[in-house]
Each structure stands twice: as C-alpha cells, then as structure tokens.
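What follows is the residue order along each chain.
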Amino acid sequence: MFACRTAGVDQTRALGGAVASLVHAGDVVVLVGDLGAGKTAFVQGFAASLGVTAPVTSPTFTLANRYEGRLVVNHLDVYRFEHSGEVQDLALPELLDEGVTLVEWGDTILVALPAEHLSVTIRFGDGDDDRSFELRGQGETWNRRADRMGAALAPWCRAC
C-alpha cells in the first residue's frame, strides 16, 4: 500500500498522471471517496497522461464516458447504482476488453469487477485543497508493479 498526500487539484491530477504511467490495457482502477474528494480530478490527470485531449468530466448522469488516447480510457461512475445487478447495464465485460477502466464509487460493485485491480481511496485533508490517498494493488499483476509504483509516486507518497 502507498499513502500519498496532495496539496491542490493540480497535484491530484499529477498523481493521477503518475498512476497512468503504470497501467496496461485491461487494467481496472477503483476510485473511492466522498463527494468532492477529487475522484474526477484524479481521472483528468490520468487521462491527460495517456494523451486524452478531450475535456474529462464526471459521468455521474451518463454512467460512462470513453476517451481516446494512447489507451482507451473508460471512465465510469456508479454512484447512483442501488445494487450490483445494475452493472449489467454498463456492458462491463466489453469495456474491460479495451483500454483501461476507472470506476468512481467502484467499491459498491466490487463483486462485479475483476479481482486484479488498483484501489485508490481519497480522503479530505486538513486544508481545503489537501487530500490523502491510499493506493492498494490487488493481485499479482499489481504486486509485480510495486517497485515501479513506488518510484512513480515518490513525490507524493511513502510506502506502508
């Protein structure tokens, strides 16, 4: 696990970009945090790092946005889901076949997501724009990337 801190939205975006430098097609990133914690800002930096030039916005009402970059970025928001069965409406298996998928509020549908994923928990910090992050790789593919992740996240993190 890596514990990180940012001081402002630009740093949150930069942290997202650092994580993007580690992903491969088929990866899933589960984003957890209260409303306004910075999940979408994280995705913005992540997508920009992968060459996405389109504006990245929260898919709260559309449920899923797709962006083209060096990898396809699938950005899902399952906040309004009342039960995990609603995941079928997203055609999740098809999304996972192409690009990388980031799921805001993904902890609510973990049973429908691959066991191999990166979990990113975002919490409010002491200052208005401060955030703390816990990044935890689940599964062997993320365990193999732990050293590279530590190096990429060094400006914001300490290993736990």
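Up top you'll find the structure we're talking about.
To keep things clear, this report deals only with the structure shown in the data block. (Residues numbered from 1 in each chain as written. Predicted model: local features only at pLDDT ≥ 70, side-chain atom pairs only at ≥ 80, totals over all residues. Heavy atoms only, no water.)

A few points about the state of the cysteines
Tallied over the entire structure, the rule returns one disulfide. The partner cysteine of Cys-4 in its disulfide is Cys-157, sulfur to sulfur 1.4 Å. On the sign convention where negative means left-handed, the S-S torsion of about 85° between Cys-4 and Cys-157 marks this disulfide as right-handed. Separated by 153 residues along the polypeptide, Cys-4 in strand β1 (residues 2-7) and Cys-157 in strand β8 (residues 157-159) bring together distant segments of the chain. There is no split in this pair, since Cys-4 and Cys-157 are both buried. (Disulfide = S-S within 2.5 Å. Helix = DSSP H or I, 4+ residues; strand = E, 2+ residues; numbered from the N terminus. Buried < 20%, exposed > 50% of the residue type's maximum accessible area, 1.4 Å probe, protein only.)

Concerning the pattern of salt bridges
Pairing between side chains becomes possible if they bear opposite charge and their charged atoms approach one another. The final tally for this structure, using the stated rule, is seven salt bridges. Where Glu-68 meets Arg-66, a salt bridge forms, and the shortest distance between an N and an O atom there is 3.4 Å. Residue class for Glu-68 comes out exposed when judged on its relative accessible area of 52%. With relative accessibility at 42%, the residue Arg-66 sits in the partly exposed group. Arg-123 serves as the salt-bridge partner of Glu-134, at 3.4 Å between the closest nitrogen and oxygen. Linking Glu-134 in strand β7 (residues 130-138) with Arg-123 in strand β6 (residues 117-124), this pair joins segments that are eleven residues apart in sequence. Through salt bridges with shared partners, a single ionic network connects Arg-66, Glu-68 and Glu-98. (Salt bridge = Lys/Arg side-chain N within 4 Å of Asp/Glu carboxyl O.)

A few points about the pairing of strand β2 (residues 28-33)
The side chains of a regular strand alternate, first on one face of the sheet and then on the other. Burial of β2 is extensive: six of the six residues sit out of reach of the surface. With burial as the criterion, each face of β2 is covered, one bearing Val-28, Val-30 and Val-32 and the other bearing Val-29, Leu-31 and Gly-33. Inspection of the sheet shows β2 paired to strand β5 (residues 100-104) by four bridges, in the parallel sense. For Val-28, the partnering residue across the bridge sits in β5 and is Thr-101. In the sheet, β2 pairs with β6 via five bridges, with the strands oriented parallel. (Pairing = 2+ DSSP bridges.)

Geometric descriptors of this kind do not, in isolation, establish any biological role.
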